[in-house]
Amino acid sequence: MQHTEILTLIQSEPSLHQVIVKGWVRSFRSNRFIALNDGSTIKNIQCVVDFEKFEEETLKKITVGAAIEVKGLLVESQGQGQAVEIQVEAVEILGEANPEDVKLTILSPKRHSLEKLREQAHLRVRTNTFSAVMRTRSKLAFAIHEYFQKNGFNYMHAPIITGSDAEGAGEMFRVSALDPKNPPLDENGNINYKEDFFGKETNLTVSGQLEAETYAMGLGKVYTFGPTFRAENSNTSRHLAEFWMIEPEVAFNDLDANMDLAEDFIKYIVNYALENCADDLEFLEDRLLQDEKSKPQAERSDMALREKLKFIVDNNFKRVTYTEAIEILKRSKPNQKKKFKYIIDEWGADLQSEHERFLVEKHFKCPVILFDYPAKIKAFYMRLNDDGNTVRAMDVLFPGIGEIVGGSQREERYDVLKQKMETMGIDEKELWWYLELRKFGTAVHSGFGLGFERMVQFVTGMGNIRDVIPYPRTPGNAEF
Ligand code: 4AD
Ligand code: MG
């Protein structure tokens, strides 16, 4: 029986229950109290052993990390800290864990640093912190599908291997089936990709947007939810080389409707987590509060984790143009605090994450949607405004995270898009199909991409993006 079922059983039927549970031993105190966890909940099941009834050999094998099966009577607990406990009648050792070996791992019962846990990524899901994060991640993924399915969107599977660069930023991982030691060469001595598996150069997708656009122009409302890959050399707490992205795309939606969708969607999934991950969020909140205590007063967060999430759900996101934001940043005095030291004084510059966080955390004190960015710093596919200088781009900025969503209204005019691709050096031969879409019943349409891990980071309060994905891929790191 899963532990989550056990924990609710006694409320529904107060009679005594004979139960069988399996799980991993978290602790075994005084040869009497086993804390057992099967991963279904943050709450351990307490199993009470009358040690006189059991053989010494069996008791010796009930060690931290071992997998066991317990048969016994489920009763209301006399002790504090848990509602129910199991009076153990029989124990079977399913998989032993040698205490000497366990001592060398993160399974040993003490608080290990997150860096240490990363080195043992195959074991870290057995810790409270990681199991809480990963259950929340799973719930959020479900909420995302639920939101779109309830709202008439079709789930579209964008290809992983593509022949194009959707963002035009050149941050792609190449995919090749050629023998690296002996690749075919062309007459100039360069690798001849015409002889490669697909007869051309291919790469892992950086975004499913362009393909999603083609589907939105047939199905109306679509969303992708899949892995995306970026070979950008950013060693930060918010970048991964492999991350999951959710990309809705909607025919006939302009930028305002796109902003409405992003805000409604984000509020829905954050609220879903509040309602469905209460135990895990409570645990993560306590963990964060302990961390906060070690910080100087001025750097402590003034809101607890769930309060922060509730704030997102209950308040409107502030919508501000890039130009207004630059004015605010120009007016803001250089702050003594290092974080916001760098001031921007030039229209057209790209915002650094410290600017974004200044706007959200210090100025507006709420999530911000920045829109109408300079065309020069945004991708080729965004719709040009009448001023000829700005595009219908939008970024959603979050406290503690910075950019969590990037999106836009797309350029639907054939001639304007063609011109833009030319000036931005995008090869028309590679994206002929994307251009052609504008020839047959073109229409206003828009969409955005939510970085799934950044959202999981926000909801769980984890400081580093490497700690919200099972096996993080970052520069120099693909150990597991
Ligand atoms: O702003 P980005 O690059 O936008 C796109 O890819 C568009 N094609 C999306 C669209 O309009 N359909 O990426 C979107 C989001 C970012 O806001 C960020 O949350 C996340 O994806 N993201 C990353 N997350 C983790 N690691 C990285 N290296 C990321 N790069 C982007
Ligand atoms: Mg972006």
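Since this is a predicted model, take the numbers as computed values, not measurements.

Considerations on the overall build of the protein
Logical step 1: The helix and strand inventory of the protein stands at 14 helices and 16 strands.
Logical step 2: Dimensions along the principal axes, computed over C-alpha positions, put the protein at roughly 85 × 60 × 45 Å.
Logical step 3: Burial statistics for the protein: of 480 residues in total, 36% are counted as buried.
Logical step 4: Long-range contacts, defined as pairs at least 24 residues apart, comprise 67% of the intrachain contacts of the protein with a sequence gap of at least 6.

Structural notes on the packing of helix α10 (residues 322-331) against helix α11 (residues 353-364)
Logical step 1: Where α10 contacts α11, the axes come no closer than 11 Å and their chain directions differ by 80°. Taken together, the axis directions place α10 and α11 in an arrangement best described as roughly perpendicular. Contact residues: A325, I328 and L329 in α10; H355, F358, L359 and H363 in α11.
Logical step 2: Residues that form the contact of α10 with α11 fall into these classes: five nonpolar, two polar and no charged.

Observations regarding the sheet that holds strand β9 (residues 202-204)
Logical step 1: Spatially, three strands are ordered β7-β9-β8 in an open sheet, and the strand pairing comes out antiparallel. Since the sheet does not close on itself, it has two edges, and those belong to β7 (161-162) and β8 (174-175), each with one partner.
Logical step 2: Bridge analysis of β7 against β9 gives two bridges, and the strand direction is antiparallel. In the sheet register, I161 faces β9, and the bridge partner there is L204.

Notes on the site of ligand 1
Logical step 1: In the vicinity of ligand 1 lie 23 residues, with S207, Q209, G406, G449 and G451 positioned nearest.
Logical step 2: Going through the elements one at a time, β11 (242-251), β15 (402-409), β16 (445-451) and α14 (452-460) are the ones with two or more residues in the shell around ligand 1.
Logical step 3: Residue contributions to the shell around ligand 1 peak at six residues, all from β15.

A few points about the environment of N477
Logical step 1: By the element assignment, N477 lies in the segment after α14.
Logical step 2: Separated by 236 residues in the primary sequence, N477 and A241 have C-alpha atoms spaced 9.7 Å apart.

Some remarks on the domain arrangement of the protein
Logical step 1: As far as domains go, the protein holds domain 1 (3-103) and domain 2 (129-171 + 206-467).
Logical step 2: Look at where the C-alpha atoms of domain 1 and domain 2 centre, and you get two points 44 Å apart.
Logical step 3: Here the side of domain 1 that touches domain 2 is composed, by residue class, of one nonpolar, two polar and one charged.

Let's talk about unusual backbone geometry
Logical step 1: In this model, K365 sits at a positive phi of 60°, which is unusual for a non-glycine residue.
Logical step 2: By the element assignment, K365 lies in the loop between α11 and β13 (368-374).
Logical step 3: K365 sits in the partly exposed class, given 13 other C-beta atoms within 10 Å.
Logical step 4: Unusually for a residue other than glycine, D372 sits at a positive phi of about 55°.
Logical step 5: As for its position among the elements, D372 is in strand β13.

What about the environment of D165?
Logical step 1: Tracing the backbone shows D165 in the loop between β7 and β8.
Logical step 2: Measuring from C-alpha to C-alpha, the distance between D165 and N203 comes to 8.1 Å, with 38 residues separating the pair along the chain.
Logical step 3: Contacts of D165, omitting those with residues within four sequence positions, involve G170, M172 and V206.

Regarding the pairing of β16
Logical step 1: Of all seven residues in β16, seven are buried; the element is thus mostly enclosed.
Logical step 2: Going residue by residue along β16, you find H445, G447, G449 and G451 tucked away on one face and S446, F448 and L450 tucked away on the opposite face as well.
Logical step 3: Summarising the sheet, β15 and β16 pair through five bridges and their orientation is antiparallel. From the neighbouring strand, S408 faces β16, where its bridge partner is G447.

Notes on the pairing of strand β10 (residues 221-229)
Logical step 1: With respect to burial, β10 is a largely interior element, seven of its nine residues being buried.
Logical step 2: Here strand β6 (residues 154-155) runs beside β10; their pairing, made up of two bridges, is parallel. The residue of β10 that forms the bridge with N154 is V222.
Logical step 3: Bridge analysis of β10 against β11 gives nine bridges, and the strand direction is antiparallel. Of the residues in β11, the one forming a bridge with Y223 is P248.

Cut-off values and rules
Residues numbered from 1 in each chain as written. Chains lettered and ligands numbered in written order. Predicted model: local features only at pLDDT ≥ 70, side-chain atom pairs only at ≥ 80, totals over all residues. Helix = DSSP H or I, 4+ residues; strand = E, 2+ residues; numbered from the N terminus. Buried ≥ 20, exposed ≤ 12 C-beta atoms within 10 Å, placed from the backbone. Contact = placed C-beta atoms within 7 Å. Axes fitted to C-alpha atoms, helices over the stretch in contact; angles between N-to-C directions. Parallel < 35°, antiparallel > 145°, perpendicular 65-115°, else oblique. Nonpolar A, V, L, I, M, F, W, Y, C, P; charged D, E, K, R; others polar. Pairing = 2+ DSSP bridges. Near = placed C-beta within 6 Å. Domains from an automatic or database assignment.

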